[in-house]
Amino acid sequence: MRPALLVSCFLALTLTLVAAPASAIKKVPYPEIRVRVLPPFKGDPALTDLRKKLADAVAAKDVAPAAALVAPGFVWTAGGVEVDEFDPKRDAVHNFKVAFGFRAFGKDADGPTEIGPQWALLDFLAKDEVLTQEPGSKFVCGSQLAKFTDAAALDEALTRVDEENELSEWVYSIDEITLTATPDGNATVAKVKGTAMPIASVHPAAPAGNAPASSPPPTHFELLLPTGKTGWTPVKYLHPLFVDRLCFTKLGDDWKIAVYDQAE
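Computed from a prediction, not measured in an experiment: that's the story for all the values here.

Enquirer: I'm lost on the pattern of salt bridges in this one. Help?
Expert: A pair can form between side chains of opposite charge whenever their charged atoms are brought close. Summed over the entire model, instances satisfying the criterion amount to 13 salt bridges. Ionic pairing is found between Lys52 and Asp56, a salt bridge with its closest N-O pair at 2.9 Å. A residue pair is termed a helical-turn pair when its members lie 3 or 4 positions apart in one helix, as Lys52 and Asp56 do in helix α2 (residues 45-60) at four residues. Across the pair Asp261 and Arg245 runs a salt bridge, and its minimum N-O distance is 3.3 Å.

Here is the structure:
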């Protein structure tokens, strides 16, 4: 399982994500990974009301009203596959609490956990302005603008690019972007659109020994193209391919939290 990304707003993501250094991924050719944009959800007052209730519960750091918003069939997945800690024999509230760090796996009562209560994550998911709904789906989800179109190609690309103990972080652009030989825009390397690519390095790089939180956020990413070449582009044009999602479904007249899908 890939580490969960706490946010999907990419400028905020750079504050928490430590991109793999250039030596951590292999600069080799890999299959092109195309993405398709998801249609935006047009809105629903009842869903807006549910998300406000969730945001209020998070602001008060009160898990009880947050858990009351969970659908009976709530599931916890990673990349669409149930995680090992999800217990289908237990009720939805139990699994919700374990997923967000209010209750330890295997316990019957709330208490300290290794990840602690994930208030910051819930706060972002409750307020995320990006909501999408795939055609024919009963779920409305936050934190994802697009999806990759070929899972087999992505698996092959990850195998080629990742080292044994490193996981590459992948990003994509919806609009066309220009990759250049240096962060300052010198010499065009390529122009790409609707394509996911792994991060090779960041600018400015964190000084050796500095904690990520004490370093300035990157303004540019060096991306590895499918050809094996690299190029730089501003962070502001990019979105993370792997993100945490909170999905909602409508039961009667009310919306409920139906799925927590972690980044793969």
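There's more to say after this.
Enquirer: Sorry, what's going on with unusual backbone geometry here?
Expert: Cis geometry marks the peptide bond from His203 to Pro204; its omega dihedral reads -5°. Structurally, the position occupied by Pro204 is in the loop between β10 (195-203) and β11 (220-224). Positive phi is not limited to glycine here, since Lys61 has a value of about 50°. In this structure, Lys61 sits in the loop between α2 and α3 (63-67). In this model, Ser143 sits at a positive phi of 75°, which is unusual for a non-glycine residue. Relative to the assigned elements, Ser143 resides in the loop between β5 (139-142) and β6 (146-148).

Enquirer: Help me out: how do you make sense of the packing of aromatic side chains in this one?
Expert: When we look at a pair of aromatic rings, we describe it by the centre distance and by the angle of the planes. For the coordinates displayed, the defined rule picks out six aromatic pairs. A centroid spacing of 5.9 Å and a plane angle of 75° characterise the contact between Phe74 and Phe96, whose relative ring orientation is edge-to-face. Here the residue Phe74 occupies a position in strand β2 (residues 70-78), and Phe96 occupies one in helix α4 (residues 92-99), the gap between them amounting to 22 residues. Phe96 sits in the buried class, given a relative accessible area of 0%. Between Phe102 and Trp119, the ring centres sit 4.9 Å apart and the planes meet at 70°, which makes this aromatic pair edge-to-face. One end of the pair, Phe102, is in the loop between α4 and α5 (119-127); the other, Trp119, is in helix α5, and 17 residues separate them in sequence.

Enquirer: How do you make sense of the sheet that holds β2 when you look at a structure like this?
Expert: Strand order across the open sheet formed by six strands is β3-β2-β15-β14-β5-β4, with mixed pairing between neighbours. At either end of the open sheet lies a strand with only one pairing partner, and these are β3 (81-82) and β4 (131-132). Pairing geometry for β5 and strand β14 (residues 245-251), over three bridges, is antiparallel. If you follow Cys141 over to β14, its bridge partner there is Cys247.

Reading the values: rules and limits
- Every chain's residues receive numbers from 1 upward, in the order its sequence appears when written.
- Where totals are concerned, whole chains, interfaces and linings use all residues; where local detail is concerned, this predicted model gives features only for residues with pLDDT of at least 70, and gives and counts side-chain atom pairs only at 80 or more.
- Side-chain calculation: all heavy atoms of the structure are included, whereas hydrogens and water are not.
- Whenever a carboxyl oxygen of Asp or Glu lies within 4 Å of a side-chain nitrogen of Lys or Arg, that contact is scored as a salt bridge.
- Elements are defined by DSSP. Helices are runs of H or I of four residues or more, strands are runs of E of two residues or more, and each kind is numbered from the N terminus.
- Note on ring pairs: Phe, Tyr and Trp rings are taken, using the six-membered ring of Trp, and paired if centres are within 6.5 Å. Classes follow the plane angle, with under 30 degrees stacked, over 60 edge-to-face and the rest tilted.
- Residue exposure (1.4 Å probe, protein chains only): buried if accessible area is under 20% of the type maximum, exposed if over 50%, otherwise partly exposed.
- Paired strands are those between which DSSP finds at least two bridges.

Purely geometric numbers; function is a separate question.
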